[in-house]
Amino acid sequence: MTGKVAVVTGAGNGTGRVHVRRLADEGADVVALDLPGTLSEQALAETAASVPAGRRVLTRTADVRDVAALRAAADAAAAEFGRVDVVVANAGLCDAPGPALTIDELTWQRSLDINLSGVWNTVRAFVPHMPDGGSVVVVGSTAGIRGNANRAHYAAAKHGAVGLARTLAIELGPRSIRVNSVHPGAVGSGRPLAAEAIARLRPDLAAPTEADARQALSDRNLIPVPWVDAVDVSNAVLFLACDESRFVTGTELVVDAGLTQKV
Ligand SMILES: NC(=O)c1ccc[n+]([C@@H]2O[C@H](COP(=O)([O-])OP(=O)(O)OC[C@H]3O[C@@H](n4cnc5c(N)ncnc54)[C@H](O)[C@@H]3O)[C@@H](O)[C@H]2O)c1
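The shown structure was predicted, so the numbers you read here are calculated from the model rather than taken from an experiment.

Novice: Looking at this model, I keep getting lost on the overall build of the chain. Mind explaining?
Specialist: When helices and strands are tallied, the chain shows nine helices and seven strands. A compact globule built from 263 residues would reach a C-alpha radius of gyration of about 18 Å, and the chain, at 18 Å, matches this within 12%. Along the three orthogonal principal directions, the C-alpha set of the chain runs to about 60 × 35 × 35 Å. The proportion of buried residues among the 263 residues of the chain is 48%.

Novice: What's the story with the site of the ligand in this structure? I'm lost.
Specialist: Looking at the ligand, there are 23 residues lining it, with Thr 15, Asp 34, Asp 63, Asn 90 and Tyr 154 nearest. Measuring from an oxygen atom of the ligand, one finds a side-chain N or O atom of Asp 34 at 2.5 Å. Within the backbone of Val 187, a nitrogen or oxygen atom sits 3.0 Å from an oxygen atom of the ligand. When the ligand is considered free in solution it has 830 Å² of accessible area, and contact with the protein chains removes 80% of it. Counting only elements with at least two residues in the shell around the ligand, the list comes to α1 (14–25) and α5 (152–172). Here the shell around the ligand is built from residues that sort into 10 nonpolar, nine polar and four charged.

Novice: Help me understand unusual backbone geometry, please; the structure alone is not making it clear to me.
Specialist: For residues besides glycine, phi is generally negative; the peptide bonds are generally trans as well. Not every positive phi belongs to a glycine, and Asn 150 is a case in point at roughly 75°. Following the sequence through the fold, Asn 150 ends up in the loop between β5 (135–139) and α5. One non-glycine residue, Ser 176, adopts positive backbone phi at about 60°.

Novice: Would you take a moment to explain the sheet that holds strand β1 (residues 5–8) for this structure?
Specialist: Here we have seven strands laid out as an open sheet, ordered β3-β2-β1-β4-β5-β6-β7, and parallel in their pairing. Bordering the open sheet on either side are β3 (57–61) and β7 (252–255), each of which pairs with just one other strand. Within this sheet the neighbouring strands show an average axis-to-axis angle of 15°, counted without direction. Strand direction decides the pairing type here: strand β6 (residues 178–184) and β7, joined by four bridges, are parallel.

Novice: How should helix α2 (residues 38–49) be read in this particular structure?
Specialist: An α-helical segment advances 3.6 residues per turn. Residues three or four places apart therefore align on the same side. Under the 1.5 Å per step criterion, the end-to-end length of α2 is 17 Å for 12 residues, consistent within 8% with the ideal 16 Å. Within the sequence span of α2, burial applies to Ser 40, Ala 43, Leu 44 and Thr 47. Along the axis of α2, the buried residues cluster in a sector spanning 100°; they form a single face. Exposed and oriented more than 90 degrees from the buried face of α2 are Thr 38 and Ala 49.

Novice: Quick question: what am I supposed to make of the side chain of Ser 234 here?
Specialist: Among the secondary structure elements, Ser 234 is positioned in helix α8 (residues 230–241). Given the relative accessible area of 2%, Ser 234 is considered buried. At 2.8 Å, the side chain of Ser 234 forms a polar contact with the side chain of His 19. Dropping the residues within four chain positions of it, Ser 234 is found in contact with Thr 15, Val 18, His 19 and Arg 22.

Novice: How should the pattern of salt bridges be read in this particular structure?
Specialist: Side chains that differ in charge, positive against negative, can pair when their charged atoms come close. Taken as a whole, this structure holds 13 salt bridges when the rule is applied. The salt bridge involving Glu 80 is made with Arg 56; its shortest N-O contact spans 3.5 Å. Linking Glu 80 in helix α3 (residues 67–81) with Arg 56 in the loop between α2 and β3, this pair joins segments that are 24 residues apart in sequence. Looking at Glu 80, the relative accessible area reads 41%, which means it is partly exposed.

Novice: Would you take a moment to explain the nonpolar core for this structure?
Specialist: Nonpolar side chains in soluble globular proteins generally cluster together in the buried interior. In terms of nonpolar packing, the biggest core is built from 34 residues, with Val 31, Leu 33, Leu 70, Phe 126, Val 127, Val 136 and Val 179 touching the most fellow members. Taken together, the elements giving at least two residues each to this core come down to β1, β2 (29–34), α3, β4 (86–89), α4 (105–126), β5 and α5. Those residues in contact with Val 31, other than ones at most four positions away along the chain, are Val 5, Ala 6, Val 7, Val 8, Leu 58, Ala 77 and Phe 81. In terms of nonpolar packing, the next biggest core, distinct from the first, is built from 27 residues, Ala 24, Val 51, Val 228 and Ala 236 among them.

Novice: In this structure, what is going on with the domain arrangement of the chain? I would like to understand it.
Specialist: When its domains are assigned, the chain resolves into domain 1 (5–188 + 228–257) and domain 2 (190–226). Distance between the C-alpha centres of domain 1 and domain 2: 28 Å. Each partner contributes residues to the interface: domain 1 has five residues there, and domain 2 has eight residues. Summed over both partners, the interface of domain 1 with domain 2 comes to about 430 Å²; 50% of that surface belongs to carbon and sulfur atoms. Seen at the junction of domain 1 and domain 2, the total is zero salt bridges.

Procedures and definitions
- Residues numbered from 1 in each chain as written.
- Predicted model: local features only at pLDDT ≥ 70, side-chain atom pairs only at ≥ 80, totals over all residues.
- Heavy atoms only, no water.
- Helix = DSSP H or I, 4+ residues; strand = E, 2+ residues; numbered from the N terminus.
- Rg over C-alpha atoms; globule rule 2.2 N^0.38 Å.
- Buried < 20%, exposed > 50% of the residue type's maximum accessible area, 1.4 Å probe, protein only.
- Near = heavy atom within 4 Å.
- Polar contact = N/O pair within 3.5 Å; in protein donor to acceptor, adjacent residues only side chain to side chain.
- Areas by Shrake-Rupley, 256 points an atom, 1.4 Å probe, with all protein chains shown as cover.
- Nonpolar A, V, L, I, M, F, W, Y, C, P; charged D, E, K, R; others polar.
- Pairing = 2+ DSSP bridges.
- Axes fitted to C-alpha atoms, helices over the stretch in contact; angles between N-to-C directions.
- Expected span 1.5 Å × (residues − 1).
- Arc of directions from axis to C-beta.
- Contact = heavy atoms within 4.5 Å.
- Salt bridge = Lys/Arg side-chain N within 4 Å of Asp/Glu carboxyl O.
- Core = buried A, V, L, I, M, F, W, Y, C linked by side-chain atoms within 4.5 Å.
- Domains from an automatic or database assignment.
- Buried area = accessible area lost by both parts, 1.4 Å probe.

Shown next as structure tokens:
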């Protein structure tokens, strides 16, 4: 990644921060974006502080629902670095699960706006600054390649993002710009599971423990681990971002410990 410039949305927290660090570890300079607001600015500053010395990180706030804000960030990135070689459309939200017939319109629309239109907005803002040979990586989910009970709003948006990525691969292929998606299963946060999650994972037990919930998660996977780590997702993003995947485009890379194949 040395000499390349990568943009990561949703870079203030979670896996987005790890993507920034992993890309920078391999030599990239990074444009790190997250939601407007003081908390996000602090989070982005922590992300920037986490990269190795010598790498440059430009932080900006922009809601991925706001294409004008993304275009302003893209202009700032172009002014700072001259171009953008890699776009990682990572920002996403998975909220308020419930059966498809009961999801309220606000929740449905917010999921489509962030998880699907947000990817489109990110690409429309940054790809004009991308030279031939660049790479776009859309962060999806296993919910983007199979149904996901109680998360229809999320699954529909993430499936839509796959259609967008495949279509962009066709349209941008003549410029040797590659477009692929990465599909994580459950990603460990490094924090203990919330009581609500433990109860949801083990409805069969009156007083389930965290170990019970971990076991339920492990049982869903082919490889007996409850979740993958954020860096496992980042390694997949890195592969698709760099030239080692130079002829890989229009495809989905699943990082899920075998979840999709087992259930
Ligand atoms: N964590 C998991 O288990 C998991 C599993 C599969 C897929 N994913 C996907 O990975 C990606 C990152 O998720 P995460 O787990 O790191 O989540 P996270 O909540 O820890 O981080 C998401 C980041 O996106 C930002 N964001 C949210 N809405 C935004 C908006 N409208 N505009 C700009 N930024 C916004 C948040 O501020 C946050 O920094 C998402 O696309 C998510 O769907 C996560």
